[in-house]
Amino acid sequence: MTPGKKKALLLVLCAFLVAAPALLTGYWIRTLTDIFMFAILAASWNLIAGYCGYPAFGNVVFFGLGAYTTGILMTKLQFSLLSAVASGGILAVVLAVLLGFPLLRLKGHYFAIATLGVNEALREVVINLTDLTGGGYGITLPILPGKVEFILALFYFLMLGLLAAVILLTQFISQSRFGFGCRAIRADEDAAAVLGIHTTKYKIIAWSLSALFTGLAGGLYAAWMTYIDPVSVFDMSIAVKFCIMVLLGGAGTVWGPVIGAFILEMISVMVWSKFVILHAAILGFIIILVVILMPRGFMQFIRGRLSMAVLLANIKENRI
């Protein structure tokens, strides 16, 4: 596909997404908003796991922190939606920086297990701070004024805008010196350090950016749902889901996590509608099948197919 066709296709997609609230039913607007949220989480995780090679399985801690920060600020201090959500994102960055210095010196499964421990620890803290967080009962956030259609469209566009921001950031990083440094760390961290790359600094920046967008998504989710509790926002199944999306779409790519989120969520919706009881087992089987057929992700699979098609076309032309 030529660059001109790619731009035209992207413009058509953008036009459809902007017009979607006026064209689709409330069910599909909620479904698309959910897809956008998981695409944000997957793209955010891709910054630390896909580019730097550090699988932060406990990244959902920033989602929960952003959600609870937003909930507390909106209910107890009457913050506006955007200021509360922004505060949650900033606090997630602060936590990532504080944790980054000790944790990002670990490697492999040691780092992954440490991030899981952080998530469990913060969840227990939230549960026990009953006066501030409501404990196990959670927090009920204020419902925004306006009609249901307006609120649906509002969170749809907020999630879409946040997704666009993280895609643009990933695109910039992938072509920047910082992005090449992150890839060098993923390939061989010791060799990257010998070449003069400040590996700890690069990893902390990548994790902080990942935490920022994860925290912002958590804040929007809390305001969207109007109710959160520790079990729902510090849930490891959320982390498992966006990790699968990255692997499904292609780690270390710009569009891979977004495509993975769309594929997994659409498959989930279709399976749920047809097989209410066995949907989890069928969805798991489909994921296993896709991973076996496309071990490097959908993006790499497509690139490989296109490269093979071009090679065969060149061979055919030369023979003729």
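Residues numbered from 1 in each chain as written. Predicted model: local features only at pLDDT ≥ 70, side-chain atom pairs only at ≥ 80, totals over all residues. Heavy atoms only, no water.

Caption draft 1: Examining unusual backbone geometry more closely. For glutamine 78, which is not glycine, the phi dihedral falls at a positive 55 degrees. Secondary-structure assignment places glutamine 78 in the loop between α3 (60-76) and α4 (81-103). Classification of glutamine 78 by relative accessible area gives exposed; the value is 59%. Positive phi outside glycine occurs at threonine 226, with the angle close to 65 degrees. The topology assignment puts threonine 226 in the loop between α10 (199-225) and β2 (227-228). (Helix = DSSP H or I, 4+ residues; strand = E, 2+ residues; numbered from the N terminus. Buried < 20%, exposed > 50% of the residue type's maximum accessible area, 1.4 Å probe, protein only.)

Caption draft 2: Spotlight on the packing of aromatic side chains. Counted under the stated rule, the structure contains 11 aromatic pairs. Note on phenylalanine 36 and tyrosine 156: the rings are 5.3 Å apart at their centroids and 55 degrees apart in plane angle, and the pair reads as tilted. Here phenylalanine 36 is found in helix α2 (residues 26-49), whereas its partner tyrosine 156 is found in helix α7 (residues 148-174), with 120 residues between them in sequence. Relative to phenylalanine 111, the ring of tyrosine 54 has its centre 5.2 Å away and its plane inclined at 75 degrees; by these criteria the two rings are edge-to-face. Linking tyrosine 54 in the loop between α2 and α3 with phenylalanine 111 in helix α5 (residues 108-128), this pair joins segments that are 57 residues apart in sequence. In this structure an aromatic cluster arises from ring pairing among Tyr54, Phe62, Phe111 and Trp207. Here the basic side chain of arginine 183 rests over the ring of phenylalanine 180, its NZ or CZ set 5.3 Å away from the ring centre. Just above the ring of phenylalanine 38 sits the side chain of lysine 241; from NZ or CZ to the centre is 4.5 Å. (Phe/Tyr/Trp six-rings, centres within 6.5 Å; stacked < 30°, edge-to-face > 60°. Lys NZ or Arg CZ within 6 Å of the ring centre and 35° of its normal.)

Caption draft 3: Broad picture of a nonpolar patch on the surface. A surface patch of nonpolar side chains, amounting to about 470 Å² of accessible area, comprises Leu10, Leu13, Phe16, Leu23 and Trp255. By the element assignment, leucine 13 lies in helix α1 (residues 3-23). (Patch = residues over 30% accessible without salt bridge, like charges linked within 9 Å, V, L, I, M, F, W, Y side chains within 5 Å. Areas by Shrake-Rupley, 256 points an atom, 1.4 Å probe, with all protein chains shown as cover. Salt bridge = Lys/Arg side-chain N within 4 Å of Asp/Glu carboxyl O.)

Caption draft 4: Layout of the nonpolar core. If you look at the biggest cluster of nonpolar residues, it comprises 90 residues, and the most contacted ones within it are Trp207 and Phe242. Ranked by residues supplied to this core, first place goes to α2 with 15 residues. In contact with tryptophan 207, other than residues within four places in its own chain, are Ile48, Ala56, Asn59, Phe62, Ala96, Leu99, Gly100, Leu103, Leu104, Phe111 and Thr115. (Core = buried A, V, L, I, M, F, W, Y, C linked by side-chain atoms within 4.5 Å. Contact = heavy atoms within 4.5 Å.)

Caption draft 5: Fine view of the state of the cysteines. Under the criterion given, the structure shown has zero disulfides. Not engaged in a disulfide, the cysteine cysteine 52 finds its nearest cysteine sulfur in cysteine 182; these two sulfurs lie 3.5 Å apart. You can call cysteine 52 buried: its relative accessible area is 1%. Owing to a relative accessible area of 1%, cysteine 182 belongs among the buried residues under this scheme. (Disulfide = S-S within 2.5 Å.)

Caption draft 6: Looking closely at the environment of leucine 106. Counting through the fold element by element, leucine 106 comes out in the loop between α4 and α5. In this structure, the C-alpha to C-alpha distance between leucine 106 and tyrosine 54, residues 52 residues apart in sequence, is 9.4 Å. The residues contacting leucine 106, other than those within four sequence positions of it, are Tyr54, Phe111 and Ala114.

Caption draft 7: Molecular detail of helix α12 (residues 236-249). Taking 1.5 Å as the rise per residue, α12 with 14 residues should run 20 Å; its terminal C-alpha atoms sit 20 Å apart, in good agreement. For α12, the complete set of buried residues consists of Ile238, Ala239, Phe242, Cys243, Met245, Val246, Leu248 and Gly249. Residue glycine 250 follows α12 closely and has a positive phi angle near 130 degrees. (Expected span 1.5 Å × (residues − 1).)

Caption draft 8: Broad picture of the packing of α2 against α10. Relative orientation of the contacting elements α2 and α10 amounts to 160 degrees, with a least axis distance of 7 Å. One element, α2, and the other, α10, form an angle in the roughly antiparallel class. Taken as a pair, α2 and α10 cross one another with a handedness that is left-handed. Two secondary-structure elements touch here, α2 through Arg30, Thr33, Asp34, Met37, Ile40, Leu41, Ser44, Trp45, Leu47 and Ile48 and α10 through Lys203, Ala206, Trp207, Leu209, Ser210, Phe213, Thr214, Ala217, Tyr221, Trp224 and Met225. For the contact of α2 with α10, a count of residues per class yields 14 nonpolar, four polar and three charged. (Axes fitted to C-alpha atoms, helices over the stretch in contact; angles between N-to-C directions. Parallel < 35°, antiparallel > 145°, perpendicular 65-115°, else oblique. Left-handed = near helix turned anticlockwise from the far one by under 90°. Nonpolar A, V, L, I, M, F, W, Y, C, P; charged D, E, K, R; others polar.)

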